[in-house]
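# Structure assessment
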Amino acid sequence: MLNPALRHHPMPGQSSSTSHPNDSLSHSVIIERVVTVLITLLIIFATLPFFLIIPLLIKLSGPGPILYRGLRLGLNKRPYVMYKFRTLQPNAQQIIGASLVTERNKMITPIGGFLRETRLDELPQLINVLRGDMNLIGPRPERPEIYEHICKNIPGYDKRFRLKPGVIGYAQLFTPHSSPKRLRSLIDGIYLTRTRTQ
């Protein structure tokens, strides 16, 4: 019978290292992060002309900053600063408050309508991906005031906070900007279910 004192000690020449499920999980997270950063850098390089032309067009369309910096809720509802090319008037955030921006809103700048329609205003969020705030694909981030006033009571809406928000949202691929939050939540739920079952 094996001596109890030897049960938890390796025999001579036997490795004492054991594989732990968390080790493979951490390795996969690191690999995924490295791949995401490399892809993001490639996208930034490929879209570099837009990063040069769009700021010029924004400046020519009127006064105000080139970038919009807005507070958003990310993974586990952690707030972070999200970047976009500015598509609204400089004082729009104070005027709009917890309201949703519609295409008819007079706060949208002349070039802003085009940027929003083509989603080119989202390009600076690649910086957020490099910072680790967002992923390339995931649920779209939400403003804290919109979450509190509109989204908080939507069934299943909080599931989106289990993942990092994405530059490209699953629901965003199939719906315009003015789509109801309930519809977008339903479509995002399909993506969340598929992601968690993989």
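Structure report, in brief. Remember, predicted model here, so these are calculated numbers, not experimental data. (Residues numbered from 1 in each chain as written. Predicted model: local features only at pLDDT ≥ 70, side-chain atom pairs only at ≥ 80, totals over all residues. Heavy atoms only, no water.)

## Describing the pairing of strand 1 (residues 67-73)
- Here strand 1 pairs with strand 2 (residues 79-85) via seven bridges, running antiparallel. Bridge pairing in strand 2 links Gly-70 to Met-82.
- The loop that links strand 1 with its antiparallel partner strand 2 comprises five residues; one of these, Asn-76, has a positive phi angle of about 55°. (Pairing = 2+ DSSP bridges. Helix = DSSP H or I, 4+ residues; strand = E, 2+ residues; numbered from the N terminus.)

## Section: the packing of aromatic side chains
- Counted according to the given criterion, the structure contains four aromatic pairs.
- Here Tyr-147 and Phe-161 contribute two aromatic rings whose centre-to-centre distance is 5.5 Å and whose plane-to-plane angle is 85°, an arrangement assigned as edge-to-face. Of this pair, Tyr-147 sits in helix 6 (residues 144-151) while Phe-161 sits in the loop between helix 6 and strand 4 (166-168); the two residues are 14 residues apart in sequence, bridging distant segments of the chain.
- Judged by relative accessible area, Phe-161 falls into the buried class, the value being 5%.
- Centroid distance Tyr-157 to Phe-161: 6.4 Å. Interplanar angle 70°. Geometry classified as edge-to-face.
- The class for Tyr-157 is buried, based on a relative accessible area of 2%.
- Chaining the aromatic ring pairs together yields one cluster made of Tyr-147, Tyr-157 and Phe-161.
- Here the basic side chain of Arg-160 rests over the ring of Tyr-157, its NZ or CZ set 4.5 Å away from the ring centre. (Phe/Tyr/Trp six-rings, centres within 6.5 Å; stacked < 30°, edge-to-face > 60°. Buried < 20%, exposed > 50% of the residue type's maximum accessible area, 1.4 Å probe, protein only. Lys NZ or Arg CZ within 6 Å of the ring centre and 35° of its normal.)

## Overview of the pattern of salt bridges
- Applying the stated rule across the entire model yields seven salt bridges.
- Two residues, Arg-131 and Asp-133, come together in a salt bridge whose shortest N-O distance is 3.2 Å.
- Among the residues examined, Arg-131 registers a relative accessible area of 52% and is labelled exposed.
- Close ionic contact of Lys-152 with Glu-148 constitutes a salt bridge, the shortest N to O distance being 3.3 Å.
- For Lys-152, a relative accessible area of 42% translates into the label partly exposed.
- Glu-148 sits in the partly exposed class, given a relative accessible area of 45%.
- Because the salt bridges share partners, they merge into one network encompassing Arg-78, Arg-131 and Asp-133. (Salt bridge = Lys/Arg side-chain N within 4 Å of Asp/Glu carboxyl O.)

## Topic: the environment of Leu-163
- Take Leu-163: it is sitting in the loop between helix 6 and strand 4.
- Overall, the relative accessible area of 22% leaves Leu-163 in the partly exposed class.

## A look at helix 2 (residues 48-61)
- Taking 1.5 Å per residue as the helical rise, helix 2 with its 14 residues ought to reach 20 Å, and the 21 Å between its terminal C-alpha atoms agrees with that figure.
- Along helix 2, the positions that sit buried rather than exposed are Ile-54, Pro-55 and Ile-58. The buried residues of helix 2 occupy one face: seen down the axis, they fall within an arc of 100°. Away from the buried face of helix 2 by more than 90 degrees, exposed residues Leu-52, Leu-56 and Leu-60 are located.
- Residues of helix 2 that are buried make contact with strand 2 and helix 4 (110-118).
- A positive phi of about 155° marks Gly-62, the residue just after helix 2. (Expected span 1.5 Å × (residues − 1). Arc of directions from axis to C-beta. Contact = heavy atoms within 4.5 Å.)

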